[in-house]
Amino acid sequence: MALWKRPLTSSEINYLKHRQLRGGEDGLVGYWRLDEGTNSTAADSTPNGYNGTLTNSPQWISSGAAIALSVISTNCLKFAGTGDYVSVASAGDLNPYPLTVSSWFRTSKNYGSFQPIVAKYVNSSFDGWALAVQGGQLRGFYYARAATNHAIDAVAGPIVTDDGWHHAALVVDDNGGRLFLDGTMIATSAWAGTHGANTNAATLTLANLADLVRRSPARWMKSRCGNAHCRRRKFLR
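### Remarks on the overall build of the protein chain
Part 1 of the reasoning: Secondary structure assignment for the protein chain yields 2 helices and 17 strands.
Part 2 of the reasoning: Counting only carbon and sulfur atoms, one obtains 48% of the accessible surface of the protein chain, whose full area is about 9400 Å².

Spelled out as structure tokens, the structure:
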């Protein structure tokens, strides 16, 4: 998962999505490879040191994400949807504007409910951003301080709940927002309201939202899904 403080072009997204970054690229704020394979820390590979903490034991497994232009043997995290997640403590640099955020993901679970991939957002706050799967499609949004101020909020593209690896990217700048799936732009939007950076102090979370990480897994399941059989299983790389 990569977070940038500049808007990557379509060509850059396509070039970089299959490559491991060094960690010192221009404008790169955080880069979490999620390939440690053990322990409870997701290391940030940039000099900024925004390390993530694994909570409720997401599982390290072998990955088949197409990094380096081919499937390579490495690791990834598997989330069962029972309150497991990764969190990165809030910092000003994690609210970049302009912004590009990208991640590989894999899931076979198709629910109408919001299934976060990565987010820096408190539910219903309308101040922050997220990449997620919703209704089997990719969703991306960016809000700045009010529901009337948003660069993009789109659910678009083909079904991604096919148990295959996919690459998602969200790009935001003064022109608006662009949502990419596997290197192809699937949605674009001009700003509604006043453009600019969000101001939230939420943690950056993988496979959860910032307000939900303070709840117990049982409460999360009840409040979001309604019953114990509504689960998400997602792999992140």
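### As for the sheet that holds strand β11 (residues 137-143)
Part 1 of the reasoning: Judged by pairing direction, the sheet is antiparallel, and its 8 strands sit side by side in the order β3-β4-β7-β16-β9-β10-β11-β12 without closing on themselves. Two strands lie at the open edges of the sheet, namely β3 (41-42) and β12 (150-156), each paired on one side alone.
Part 2 of the reasoning: Bridge count between strand β9 (residues 114-120) and strand β10 (residues 128-134): 6 bridges; the pairing is antiparallel. The residue bridging glutamine 115 from the neighbouring strand is valine 133, located in β10.

### Focus on the pattern of salt bridges
Oppositely charged side chains can pair when the atoms bearing their charge come close.
Part 1 of the reasoning: Overall, the coordinates contain 5 salt bridges when judged by the stated rule.
Part 2 of the reasoning: The shortest N-O distance in the salt bridge between glutamate 12 and arginine 6 comes to 3.0 Å.
Part 3 of the reasoning: For glutamate 12, a relative accessible area of 24% gives the class partly exposed.
Part 4 of the reasoning: Using a relative accessible area of 25% as the deciding quantity, one classes arginine 6 as partly exposed.
Part 5 of the reasoning: Glutamate 25 is the partner of arginine 22 in a salt bridge, and the nearest nitrogen-oxygen pair spans 3.8 Å.

### Regarding the packing of aromatic side chains
Part 1 of the reasoning: Counted under the stated rule, the structure contains 7 aromatic pairs.
Part 2 of the reasoning: Ring centres 6.3 Å apart and planes at 65° place the aromatic pair tyrosine 97 and tryptophan 191 in the edge-to-face group. One end of the pair, tyrosine 97, is in the loop between β7 (85-88) and β8 (99-107); the other, tryptophan 191, is in the loop between β15 (184-189) and β16 (204-206), with 94 residues separating them in the sequence.
Part 3 of the reasoning: These aromatic residues form a ring-pair network of at least three members: Phe114, Tyr121, Phe126, Phe141 and Tyr143.
Part 4 of the reasoning: The side chain of arginine 19 reaches across the aromatic face of tyrosine 15, ending 3.9 Å from its centre.

### Let's talk about the environment of leucine 3
Part 1 of the reasoning: With respect to the helices, strands and loops of the structure, leucine 3 is situated in strand β1 (residues 2-4).
Part 2 of the reasoning: Taking relative accessible area as the criterion, leucine 3 reaches 0% and is therefore assigned buried.
Part 3 of the reasoning: Put simply, leucine 3 and leucine 94 are 91 residues apart on the chain and 7.8 Å apart in space, counted from C-alpha to C-alpha.
Part 4 of the reasoning: Each residue touching leucine 3, except ones within four places of it in the same chain, is listed here: Gly27, Leu28, Val29, Gly30, Trp32, Leu94, Pro96, Leu99, Thr100, Val101, Trp129 and Leu204.

### Section: empty space enclosed by the protein
The gaps left among the atoms become clear once a water-sized probe is rolled over them.
Part 1 of the reasoning: Counted under the stated rule, the structure contains 2 cavities of 30 Å³ or more.
Part 2 of the reasoning: For the largest cavity, the calculated volume is near 230 Å³.
Part 3 of the reasoning: In terms of lining, the largest cavity is formed by 21 residues, of which the most central are Ala2, Leu16, Tyr31, Ser102 and His167.
Part 4 of the reasoning: Class assignment of the residues belonging to the lining of the largest cavity gives a composition of 12 nonpolar, 4 polar and 5 charged.

### Some words on the pairing of strand β13 (residues 165-173)
Part 1 of the reasoning: Where burial is concerned, most of β13 is hidden: 9 out of the 9 residues are buried.
Part 2 of the reasoning: Here β13 shows no split at all, with Trp165, His167, Ala169, Val171 and Asp173 on one side and His166, Ala168, Leu170 and Val172 on the other all buried.
Part 3 of the reasoning: Pairing of β8 with β13 involves 8 bridges; the strand directions are antiparallel. Bridge pairing in β13 places tryptophan 104 opposite histidine 167.
Part 4 of the reasoning: The sheet contact formed by β13 and strand β14 (residues 176-181) spans 6 bridges and is antiparallel. Residue leucine 170 lies in a different strand from β14, and its bridge partner there is leucine 179.
Part 5 of the reasoning: Counting the residues between successive antiparallel strands, the hairpin from β13 to β14 contains 2 residues.

Calculation rules
Residues numbered from 1 in each chain as written. Predicted model: local features only at pLDDT ≥ 70, side-chain atom pairs only at ≥ 80, totals over all residues. Heavy atoms only, no water. Helix = DSSP H or I, 4+ residues; strand = E, 2+ residues; numbered from the N terminus. Areas by Shrake-Rupley, 256 points an atom, 1.4 Å probe, with all protein chains shown as cover. Pairing = 2+ DSSP bridges. Salt bridge = Lys/Arg side-chain N within 4 Å of Asp/Glu carboxyl O. Buried < 20%, exposed > 50% of the residue type's maximum accessible area, 1.4 Å probe, protein only. Phe/Tyr/Trp six-rings, centres within 6.5 Å; stacked < 30°, edge-to-face > 60°. Lys NZ or Arg CZ within 6 Å of the ring centre and 35° of its normal. Contact = heavy atoms within 4.5 Å. 1 Å grid on protein atoms, 1.4 Å probe; cavity = no way out; pocket = protein on both sides within 12 Å on 5 of 7 lines; lining within 4 Å. Points joined across faces, edges and corners; volume = space filled by probe spheres on them. Nonpolar A, V, L, I, M, F, W, Y, C, P; charged D, E, K, R; others polar.

Interpretation note: all reported values are geometric properties and have no functional meaning in isolation.
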